[in-house]
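Observations on chain architecture
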Amino acid sequence: MQNKDIYKKNIQELINEYNVNITNGLSYEEAKKKLEIYGSNELKAKEEETLLKKFLNQFKDFMVIILIIAASISGFVGEIKDTLIIIIVVFLNAILGLVQENKAEKSLEALKNMTTPLSKVVRSNNIIQIKSSEIVPGDIVVLESGDYVPADGRILEASSLKIEESALTGESLPVSKEKEIPEGDNVPLGDRKNMVFSTSMVTNGRAKVLVTNTGMDTEIGKIAEMLEAQEKIKTPLQHKLEELGKWLGVIALSVCIVIFLIGFFQGRPALDMFMLAVSLAVAAIPEGLPAIVTIVLSLGVQRMIKRHAIIRRLPAVETLGTASVICSDKTGTLTQNKMTVTKLYTYDDLSDIENINDEIFEKRLALEIGLLCNDATISQENGKKKAIGDPTEIALVVLAHQKGILKKELETAMKRIDEIPFDSDRKLMSTIHVHNSEYRVYTKGAPDILLERCNKILIDNEIVDLTQKEKHKISAANEQMANNALRVLALAYKDISYIPDEVITDTIENNLIFVGLSGMIDPPREEVKIAVEKCKRAGIKPVMITGDYMLTAMTIAKELGVLDENSMGIEGKELDNMSDQDLSKNIEKYSVYARVSPEHKVKIVEAWQSKGKIVAMTGDGVNDAPSLKRANIGCSMGITGTDVSKEASDMILTDDNFSTIVSAVEEGRNIYENIKKSIHYLLSCNIGEIVTLFTALLFNLPSPLIPIHILWVNLVTDSFPALSLGIDPPEPDIMNKKPRDPNESIFAGGLGISIAIKGLIIGAVTLIAFLTGRNFSLEVGRTMAFLTLSFSQFGNSLSVRSLDKSLFKIGIFSNKYLIGAILLSSSLMLSVVLIPLLRNIFDLALLNFYQWIYVIGFSLIPITTGEILKLIRNIFKK
């Protein structure tokens, strides 16, 4: 349903055309029918690659191409067996790669589904939240600051509405919107002030909109074919490994050429040397590593979901492990976000809520201001009450309802006709209502700011001048509540006879009559205390940032352990008077920032980053987007966060909980450590293979392993243990270590030396096994080398789980997936030795009892040596 003239039509025409009641919205049945007719409110996705194409992509790898060439040459010269084996192994590797890629893609697709945007719509006279994809033409959508516009629509009501439409029009500045029909014909898209367009963003105000077009019928849908799908993002680690792979490839080819030439001059058959060179290339390059890293990252992301963290950008997984500062909002993140009004103050009377006499005029008026100067709603959904809105506002609505003052009834009697929405700079919100044939302004906001806008006060149902005496008493009551960690809002009003031409703060929010203060509590989350302790042990500094008062912030910060004797608090106004250099110099002193605006957050992030720190920052509002983008890890709120903040973030906390950030950091550290374990395992095994083959060649010995042995070990049996190491449980002390330097080499901390030593040991025992078995026959020697190499690597997979902790301390069976992988890989290895058909194909021999004893003994040397080296390393550490 596309209609170019929607912006020209009057509202009644549109109501008739879309068959909707703009007060009640569509019924659930009507919406369901329309969804069947018009389909989902989504742009057509880019066509996915077919399974066949994904399978064929597995053969684009450089090393796989070399193997296929090798197979072709073998077939051409009549070595059909080698050709078949190489093709089978390559196909098995391609199938494994396809399965891994599919699993990773499904994990990331699940993430996209979890971050599906929600929209508020009016259905059957209730405001409810639904998936934006379920919106249909005729729906009435409620938009607020921070929302993305889910579909094209015509404005029915608007208040101080500004929308940023750069994605559609290229205009970077927000555009003011209104419900009036623009003058003229063929009005350009950017000048249709009474329309909103899909994918644009509400930066200020609120509106009710009649949806006119959805999905591909929207303005953005017309240019959908020009929109490219987001590129697959790779982490810095993946880029490093790609570089490593290229270098290993160059080195491997160089070694292959050298080996080929040595063998050629030794008089060995050219084809044998070519196949040996190919085998060495396969041995030198860990072909499965990129796929294993991808699957480990995607599995880690899945585990994070279970811990209430949705990763939006894959590099964040790696960055999380290096976080050294976590800057967190107080409300809802460090606290429970279950605001409850516990105190109400009217002049000279601070009362507990249960003791309030709402028949007293000032008390009742205070409740009404809190109820009407308020965008929160409580509706019935499936027989249950559902609250939508800011927790502070919900608390005020709940309080009024408890006292028998219902929002719908009061809004009918005192219709809202205009407003100045809350913003974090002004720290005020005002609404204008019809009242006794005139108008009444209700204002709520920060006590210190609102008090400056008042010149009168309501005392005993009389309006009197607000003097210093009254201000002092109000400030004392405010301070008393703040000292008890209550969040305090001031309430005021005034009557006006007409609506000014411009409804702005200068014309409305002045000469107000002070009515009272409401004090509400948002208790600290119990689990946050444990998370803060864990942070400090992990070398991570927790920082509280809040717009609340210093007294309230300090009280909660001390209770949670964020603030201690070695740190202090600072207010936003002090930050304003502080240069960037001074803040950077003193940044480590401060653990609490009170009365700050979102703009200050960027300043705080940059100060920490100037010290070389990796900063995680939380945010939920539109104005938080710059600090979320500037932080190394932007964390938006899944419950209270705006669409804009979610879009700017790297990670969404589905439970708005500080503990979730700490859990995500722990998971990020573990993912990185597990990837290092996989690298440790694969590279040490590959070095072992190179040492075996190269040493034998240098001493003019027969090759201990033929190409199909190397291919089978590298492309089939190695993959399962490497993948299982990627899901190794975290070491108990992983959060007792300082954050990792993001610039350090992946081989730092002794990993490179350990890889080299273990590779040499595996190579040595494989060669010794070959020489021992060669005393019986060449086939027996190769069989013993093949089995020793494989079983040594399985033992190595257990040893690499920690660089310094004994296997017995970690627990041999603590990673059940690894034990399962070793059993599976062992069965594959044994099958080619014990099954006669496979034994003949692989040119292996059936070993006797004593030869098996040799194999087992040799295979235990690398793991035993590895454990002894850990012991020596720990002794030198002490």
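See the structure shown above.
**Here's the deal with the sheet that holds strand β23 (residues 590–594)**
Read across the sheet, 8 strands follow the order β8-β26-β25-β24-β9-β21-β23-β22 without closing on themselves; strand pairing throughout is mixed. Two strands lie at the open edges of the sheet, namely β8 (309–311) and β22 (568–571), each paired on one side alone. Across the sheet, the mean angle separating the axes of adjacent strands is 20° when strand polarity is ignored. As defined by bridge partners, β8 adjoins strand β26 (residues 651–653) across 3 bridges and the pair is classed as antiparallel. Within the sheet, the bridge partner assigned to Ala309 lies in β26 and is Leu653. Lying over the sheet, helix α25 (residues 658–698) contacts β8, β9 (325–329), β21 (541–545), β24 (615–619), β25 (633–637) and β26, oriented at roughly 160° with respect to β9.

**Regarding the pairing of strand β10 (residues 340–346)**
With 6 bridges connecting them, β10 and strand β20 (residues 512–521) associate as antiparallel partners. Following the sheet pairing, Thr340 is matched in β20 by Ile521. Both β10 and strand β11 (residues 349–352) contribute to a ladder of 4 bridges, which runs antiparallel. Within the sheet, the bridge partner assigned to Leu344 lies in β11 and is Ser351. Linkage of β10 to β11, two consecutive antiparallel strands, is achieved through a turn of 2 residues, within which Asp348 is found at a positive phi near 65°.

**What about a nonpolar patch on the surface?**
The grouping of Ile753, Ile757, Ile868, Leu869, Ile872 and Phe876 at the surface amounts to a nonpolar patch, some 570 Å² of accessible area in total. If you tally residues by element for the nonpolar patch, the top one is helix α33 (residues 849–877), at 4 residues. Along the chain, Ile757 falls in helix α28 (residues 751–774). In this structure Ile757 comes out as partly exposed when scored by relative accessible area, which is 32%.

**Regarding the environment of Ile457**
Relative to the elements of secondary structure, Ile457 occurs in strand β17 (residues 454–459). Between the C-alpha atom of Ile457 and that of Val515, which follows or precedes it by 58 residues, the distance is 6.3 Å. Setting aside chain neighbours within four positions, we find Ile457 in contact with Tyr347, Glu462, Ile463, Val464, Asp465, Leu466, Glu470, Ile474, Ile513 and Phe514.

**Regarding the packing of aromatic side chains**
Applying the stated criterion across every chain yields a total of 7 aromatic pairs. On the numbers, 5.6 Å between centres and 80° between planes, the contact of Phe849 with Tyr850 is edge-to-face. Taken individually, Phe849 and Tyr850 each receive the classification exposed, so the pair is uniform in this respect. Grouped by ring-pair contacts, the aromatic residues Trp712, Phe786 and Phe842 constitute a single cluster.

**What about the pattern of salt bridges?**
Two side chains bearing opposite charge may form a pair once their charged atoms approach each other closely. Enumeration according to the criterion identifies 37 salt bridges in this entry. Residue Arg416 is joined to Glu419 by a salt bridge in which the shortest nitrogen-to-oxygen separation is 3.1 Å. There is no split in this pair, since Arg416 and Glu419 are both buried. The salt bridge involving Glu666 is made with Lys534; its shortest N-O contact spans 3.2 Å. Here the residue Glu666 occupies a position in helix α25, and Lys534 occupies one in helix α18 (residues 526–537), the gap between them amounting to 132 residues. On the basis of relative accessibility, which here comes to 24%, the residue Lys534 falls in the partly exposed class.

**A few points about the packing of helix α29 (residues 778–799) against helix α31 (residues 816–834)**
Remark: α29 packs on α31, axes separated minimally by 10 Å, with the N-to-C direction vectors making an angle of 175°. Regarding the angle of α29 to α31, the classification is roughly antiparallel. Across the interface between the two elements, Thr783, Phe786, Leu787, Ser790, Phe791, Phe794, Ser797 and Leu798 from α29 touch Leu818, Ile819, Ile822, Ser825, Ser826, Met829, Leu830, Val832 and Val833 from α31. Residues belonging to the contact of α29 with α31 are distributed by class as follows: 12 nonpolar, 5 polar and no charged.

**Points about helix α22 (residues 598–609)**
Counted at 1.5 Å a residue, the expected span for α22 with its 12 residues is 16 Å, and the 17 Å between its end C-alpha atoms agrees. Among the 12 residues in α22, 10 count as buried, and that is most of the element. Among all positions of α22, only Pro598, His600, Lys601, Val602, Lys603, Ile604, Val605, Ala607, Trp608 and Gln609 are buried.

Thresholds, definitions, all that
- Residues numbered from 1 in each chain as written.
- Predicted model: local features only at pLDDT ≥ 70, side-chain atom pairs only at ≥ 80, totals over all residues.
- Heavy atoms only, no water.
- Pairing = 2+ DSSP bridges.
- Helix = DSSP H or I, 4+ residues; strand = E, 2+ residues; numbered from the N terminus.
- Axes fitted to C-alpha atoms, helices over the stretch in contact; angles between N-to-C directions.
- Contact = heavy atoms within 4.5 Å.
- Patch = residues over 30% accessible without salt bridge, like charges linked within 9 Å, V, L, I, M, F, W, Y side chains within 5 Å.
- Areas by Shrake-Rupley, 256 points an atom, 1.4 Å probe, with all protein chains shown as cover.
- Salt bridge = Lys/Arg side-chain N within 4 Å of Asp/Glu carboxyl O.
- Buried < 20%, exposed > 50% of the residue type's maximum accessible area, 1.4 Å probe, protein only.
- Phe/Tyr/Trp six-rings, centres within 6.5 Å; stacked < 30°, edge-to-face > 60°.
- Parallel < 35°, antiparallel > 145°, perpendicular 65-115°, else oblique.
- Nonpolar A, V, L, I, M, F, W, Y, C, P; charged D, E, K, R; others polar.
- Expected span 1.5 Å × (residues − 1).

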